[in-house]
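Here is how the chains run, residue by residue.
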Amino acid sequence: MTKNLVIVESPAKAKTIENFLGKDFVVKSCFGHVRDLAKKDLGVDIENGFIPQYIITPDKKKVISDLKKIAKDAEMIWLASDEDREGEAIAWHLVEALGLNEIETKRIVFHEITKPAILEAIENPRKIDKNLVDAQQARRVLDRLVGFELSPLLWKKIKPSLSAGRVQSVAVRLIVEREEEIKGFAVTSAYRVLAEFIINKDNKQILLSAELNKRFKEKQEAIAFLEKCKSADFSIEDIETKPSKKSPAPPFTTSTLQQEASRKLGFSVANTMRVAQQLYESGKITYMRTDSVNLSKFALNLAEEVITESFGPQYVKTRQYTTRTKGAQEAHEAIRPTYMNNRTAEGDHSQSRLYDLIWKRTIASQMSDALLEKTNVTINISNAPEKFIARGEVIKFDGFLKVYMESRDEEDDDNQEGLLPPLNVGETMIPREINAQEKFSQHPPRYTEASLVKKMEELGIGRPSTYAPTISTIQKREYVVKEDRDGMIRKYCQITLQGKTITEVIKTENTGFEKAKLFPTDIGNLVNNFLVQHFNNILDYNFTATVEEEFDEIAQGKIVWNQMIHDFYFPFHDQVEKTLEKSQKVSGEKLLGKDPATGENIFVRIGRYGPMVQKGDTDPENKPKFSSLKKGQSIDTITLEEALELFKLPRTLGVYEDEEVIVSTGRFGPYVKHKSAFYSLAKTDDPLEIMVDRAVELIQEKRKKEEEKTIREFPEKEGLKILNGRYGPYLTYQKQNFKIPKGKDPGKLTLEDCLKIIHESEPSKATRAKRRK
DNA sequence: CAGTGAGCGAGCTTCCGCTTGACTT
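Nothing here was measured: the structure is a model prediction, and the numbers come from that model. (Residues numbered from 1 in each chain as written. Chains lettered and ligands numbered in written order. Predicted model: local features only at pLDDT ≥ 70, side-chain atom pairs only at ≥ 80, totals over all residues. Heavy atoms only, no water.)

Undergrad: Account for the sheet that holds strand β7 (residues 76-79), with residues named and values stated.
TA: Pairing is parallel in the open sheet, where four strands are placed in the order β2-β1-β7-β8. The open sheet terminates on both sides in strands that have one partner only, identified here as β2 (25-29) and β8 (106-107). With four bridges joining them, strand β1 (residues 4-8) and β7 adopt parallel strand pairing. Opposite Leu5, over in β7, you have Ile77 as the bridge partner. Contacting β1 and β2, helix α1 (residues 11-21) runs over the sheet at an angle of about 170° to β2. (Pairing = 2+ DSSP bridges. Helix = DSSP H or I, 4+ residues; strand = E, 2+ residues; numbered from the N terminus. Contact = heavy atoms within 4.5 Å. Axes fitted to C-alpha atoms, helices over the stretch in contact; angles between N-to-C directions.)

Structure representation (structure tokens):
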């Protein structure tokens, strides 16, 4: 018999807490939200004050029925979901779904999973905060209304299956607009002048590097300057030394973990979260979806011990960080090792690398500042007003740098500042070499997954639990693609003064190379332009921040949630209706030119299945020809020649076994079609060049493979086969596949065996609901 | 790397936030 039932959100948490609470408590988890708006139609009763229609989420039916059973016998029920808007709503939904008495049910909260924190929570139960629940309902209903009214509009005006929403559409907008900025960016260049000097001192030669405090726009200016240097005297005019310090970054939140794992380990956002989840489930780190930089007392003490022991007390500096992120809800701690004294974590390579990163970041956040000394040496040029500057930086005390240094998104090039030699004012020097090199201005950087998350967090858009899913959604919808792109060779000029001679050379560099960056697609551009044009208010970067303020007012009981939704919805709905009526279907259609062979018009536009070219006007009598754009082609950039190339397929190669052999290209690349069967071309085959002999070869190759694939057939039973598939041998019958039980030799199964397997197998969801991608 | 290869007369798609399993040969 259960005395006390405590319900938390995460099963890993449940296990830990049960250990703290003793035998009178059973701790179970509800796995997050248990109810949601009905999926059909809007799930909101607009006429009657926006009453939400909630259903128990299909995958939570079992969770709820299990919890009900335990709750029935429990004397007391404690709802311990997270202390934020969503957590409060989860508690309330549990009351509703489990049929609990709200008055008798206790609501408790804690920010850290430590024994004192849990016990304190148990001592201080409260009631469910209905205002906070209402704020969540407003959030949920607003997102549903926006998403489920805008998306169908896109299906009608652009293409089926598209989606729009408060979060994803703004994420796409960021990428589209960044690309436009880049397209409009005017590259300029200027000459940067670097010198290497020789100082003769105590019979030794000392080298000193310095940069001129001015860049020259024109080559002639640079040359004129170097001409002057030929006859100039150089001497130290001033030495300025000043102390400075660096402080460690705060411990990880979801967003900063994703950024650092991306920069330092090259992890995708989704990969980081997968690995972090594994570390969490095995008890090695605290919860990985958090916006808080707070560390528990327990963690602070342990960090101090570890640092003292490993590096000495002078490296300790206990710090409490405060969150400055917009809309942060701080229901958890920062992401940290559960026990800081575990320097490493067992597990696979990814797990131990990510753990190492988390360990270092957490420890560093509790260490002392690094003390530096920066030195600026000003070098006078006797016949010119410009000065050369040599910079040095010395670490006087390494502090937290001993373990960890945060990386930056853009690594600044060749600005290495190191130790300077001992120097005195008035000392003279001679230039060994002075270089004026043409440097180009850089366009704003394209987003990586992680830098997009950073930007979204700054705007208060999305939550720790949704960053990774949002990024995969906008890629799945094909609004953006993550790709590498080749750079281009660019020429630059370098002018060198050595001794008394000036030489000029043209060199080349590779520029614009991109690795795993986000690019908008044609569809992304089209959808974004449509939404920005008609729903500028929703796509506004401040929309979320504005509605969040209203959600806060609901949470404080200042305004009523469905009144707020009412005020938002009706003007918004009018906007949708008007756009539906007024605006034309958009396809981004462009006339590229005419086919020189037939004189027909060649168009490019978005079709039902994405970007495509069309030959001939749309005419029911004389149907035009279509072809999809190839990967890497875009409506924006495709040329007439490239478009014509696409119509060269399908080609009829000839006849084999009395049937035509046709080559074409489809979703999965080029293929040969023969007797309504398909044969993929090899990577080395060119569909425009391939001849019938090679096609026949491909057909025969695949037929042979097919034969080998079949382990056994049964003449008595049509369609029953034992095949060798990707996951090993399996049974197939009437379009259904069946697993062969372990320990059976697939080659020796009798017909009876097979029928038995088919009979005994679960009536599985035979047809896979969704195809991947 | 098993199957897939549209351009539609039918029916479906879609939001954001919480949480983890999945078994499919």
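There's plenty left to go through after this.
Undergrad: Explain helix α4 (residues 115-123) to me, using residue names and the numbers behind them.
TA: Of the positions making up α4, those classed as buried are Ala117, Ile118, Ala121 and Ile122. Down the axis, α4 shows its buried residues gathered within 135° of arc, on one side only. Away from its buried face, by an angle of more than 90 degrees, α4 presents the exposed residues Pro116, Glu120 and Glu123. At its buried positions, α4 is contacted by α1, β2 and β7. (Buried < 20%, exposed > 50% of the residue type's maximum accessible area, 1.4 Å probe, protein only. Arc of directions from axis to C-beta.)

Undergrad: Outline the side chain of Ser407, listing residues and values.
TA: As for its placement among the helices and strands, Ser407 is situated in the loop between β13 (387-397) and β14 (428-440). For Ser407, a relative accessible area of 15% translates into the label buried. Here Lys264 takes part through its side chain, which lies 3.3 Å from a polar atom of the side chain of Ser407. (Polar contact = N/O pair within 3.5 Å; in protein donor to acceptor, adjacent residues only side chain to side chain.)

Undergrad: Tell me about the packing of helix α8 (residues 254-265) against helix α12 (residues 449-459), and please be specific about residues and values.
TA: For the pair α8 and α12, the least separation of the axes is 8 Å and the interaxial angle reads 155°. In terms of orientation, α8 lies roughly antiparallel with respect to α12. The element α8 and its partner α12 pack so that their crossing is left-handed. For the pair α8 and α12, the contacting residues are Ser255, Gln258, Gln259 and Ser262 in the first and Ala450, Val453, Lys454 and Glu457 in the second. The residue makeup of the contact of α8 with α12, split by class, is two nonpolar, four polar and two charged. (Parallel < 35°, antiparallel > 145°, perpendicular 65-115°, else oblique. Left-handed = near helix turned anticlockwise from the far one by under 90°. Nonpolar A, V, L, I, M, F, W, Y, C, P; charged D, E, K, R; others polar.)

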